[in-house]
Amino acid sequence: MKNLVLINGVTGAIGSACLAQFSRNPNNTIYGFARRARIYQFFLKNGAMPDATLVCSLGSDIIRGLRDLLSKVDRSQYERVVYVHALGVYPTEIDMDGVIRVSNDHDEDGIDDRVMTLSYEVFFGALDTLVQMELPTQAIIFGGLSDKHQPLVHQSWWKVMEKMKKRGMEVVGAQSGFGLTLLNVSSVMGPNDLMTRPFVFRDTDATAHCWLMPHEVAEAVERLTSGDRTGFQECELFHRAGYFKQGYYEGEGFTDRKKRELGIL
């Protein structure tokens, strides 16, 4: 019996590191999901998904695609499922005039619609689909260390994480054999972070060696999803930096820091 590992957002820094980490175990079959990959139907053999590691697209409707893909999996080959949700956007909500503003908020609920869609609606659509597989499941999603301080510049993110935690506890509480982990991480070294925060190492006191490496996150993911724990847990992963002090994430100081990262201040 093998493990079926599902990685949503497999081409990102964390997702690709998880693909590498889990692939070291020959007992894992990994399906990575990426928008630009070939559609999953391309891989069907005699109408079934193969017991083979691959990267595919779920199509424009991610949940419908995932539901259809999993219906074509021979569940008798697997003893458990691991689901890694490395999909989403983490907006810094300051415009180029330095004004805190939530963008992409078409329903005017104070939350960027992209964050709500990818980190809440798609996530719980995936969990609801996984429950139907009736296999022991470990799911993991990523939050940020600053979330508990509720900074205005990341308000869409932490508002969605608060909603996710509340509903997540309800989902796993109603299921046997289902574990959910929220792993709050510090900054992760990857090209996307440096593109979205272009001046972070030029105009702030941040140092690259204190950031997490993607493989460190992947190792933690494998460890946190390796057992048969049930229910909800929240964990943190970071390296303590010399420039961190009490109140680091709070007030105008953190907002000004974000402005410097963007080249506004």
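Residues numbered from 1 in each chain as written. Predicted model: local features only at pLDDT ≥ 70, side-chain atom pairs only at ≥ 80, totals over all residues. Heavy atoms only, no water.

## Observations regarding the overall build of the protein chain
Check the secondary structure of the protein chain and you find seven helices and seven strands. Ordering the α and β elements of the protein chain from the N terminus gives β-α-β-β-α-β-α-β-α-β-α-α-β-α. A compact globule built from 265 residues should have a C-alpha radius of gyration of about 18 Å, and the protein chain, at 19 Å, falls within 12% of that. The buried share of the protein chain, taken over its 265 residues, is 49%. (Helix = DSSP H or I, 4+ residues; strand = E, 2+ residues; numbered from the N terminus. Rg over C-alpha atoms; globule rule 2.2 N^0.38 Å. Buried < 20%, exposed > 50% of the residue type's maximum accessible area, 1.4 Å probe, protein only.)

## Some thoughts on the sheet that holds strand β5 (residues 137-144)
In spatial order, the strands read β3-β2-β1-β4-β5-β6-β7; together these seven strands make up an open sheet with parallel pairing. Strands at the two margins of the open sheet, each flanked by one partner only, are β3 (54-56) and β7 (231-237). Adjacent strand axes in the sheet meet at a mean angle of 20 degrees when their direction is disregarded. The pairing of strand β4 (residues 78-85) with β5 spans five bridges and is parallel. Note on β5: the bridge partner recorded for V84 is I140. (Pairing = 2+ DSSP bridges. Axes fitted to C-alpha atoms, helices over the stretch in contact; angles between N-to-C directions.)

## Here's the deal with the packing of helix α1 (residues 13-23) against helix α6 (residues 214-224)
It is the contact of α1 with α6, at a shortest axis distance of 8 Å, that shows an interaxial angle of 60 degrees. Between α1 and α6, the angle falls in the class oblique. Once α1 is placed against α6, the crossing between them reads as right-handed. Where α1 abuts α6, its residues A13, I14, A17, C18, Q21 and F22 lie against P214, H215, V217, A218, E219, V221 and E222. Here the residues of the contact of α1 with α6 sort into nine nonpolar, two polar and two charged. (Parallel < 35°, antiparallel > 145°, perpendicular 65-115°, else oblique. Left-handed = near helix turned anticlockwise from the far one by under 90°. Contact = heavy atoms within 4.5 Å. Nonpolar A, V, L, I, M, F, W, Y, C, P; charged D, E, K, R; others polar.)

## A few points about the nonpolar core
Within the largest apolar cluster, 41 residues are counted, with the highest numbers of intra-cluster contacts made by Y31 and L69. Ranked by the residues each element gives to this core, the list is headed by helix α3 (residues 113-131), at 10 residues. With sequence-adjacent residues up to four places away left out, Y31 is seen in contact with L4, V5, L6, I7, M49, P50, A52, L54, L69, V73 and Y78. Among the nonpolar cores identified, the runner-up in size contains 24 residues, and V185, V217, L224 and L237 belong to it. (Core = buried A, V, L, I, M, F, W, Y, C linked by side-chain atoms within 4.5 Å.)

## Points about the side chain of R80
Topologically, R80 is positioned in strand β4. Here R80 sits buried without a salt bridge, and the closest side chain of opposite charge, E79, lies 6.0 Å off (N-O distance). A polar atom in the side chain of R80 sits 2.5 Å from the backbone oxygen of T225. If near-sequence neighbours (up to four positions away) are discounted, R80 is found in contact with K2, N3, L4, P136, Q138, T225, S226 and G227. (Lys, Arg positive; Asp, Glu negative; His and termini not counted. Salt bridge = Lys/Arg side-chain N within 4 Å of Asp/Glu carboxyl O. Polar contact = N/O pair within 3.5 Å; in protein donor to acceptor, adjacent residues only side chain to side chain.)

## Overview of the pattern of salt bridges
Once their charged atoms are close, side chains differing in charge can pair, the charge on each being opposite to the other. Scanning the entire structure with this criterion turns up 14 salt bridges. Close ionic contact of K148 with E236 constitutes a salt bridge, the shortest N to O distance being 3.0 Å. Of this pair, K148 sits in the loop between β5 and α4 (155-173) while E236 is found in strand β7, placing the two residues 88 residues apart along the sequence. Linking R197 and E261 is a salt bridge whose minimum nitrogen-to-oxygen distance equals 2.9 Å. Linking R197 in the loop between α5 (191-196) and α6 with E261 in helix α7 (residues 251-262), this pair joins segments that are 64 residues apart in sequence. The exposure class assigned to R197 is buried, which follows from its relative accessible area of 11%. Residue class for E261 comes out buried when judged on its relative accessible area of 2%. In this structure, a network of salt bridges that share partners links the residues D193, R197, K258 and E261.

## Structural notes on α1
Here α1 has its buried residues at I14, G15, A17, C18 and F22. Buried residues of α1, viewed axially, fall in a sector of 160 degrees; they line one side. Of the surrounding secondary structure, the elements contacted by the buried residues of α1 are β1 (2-8), β2 (28-33), β4, β5 and α6. (Arc of directions from axis to C-beta.)

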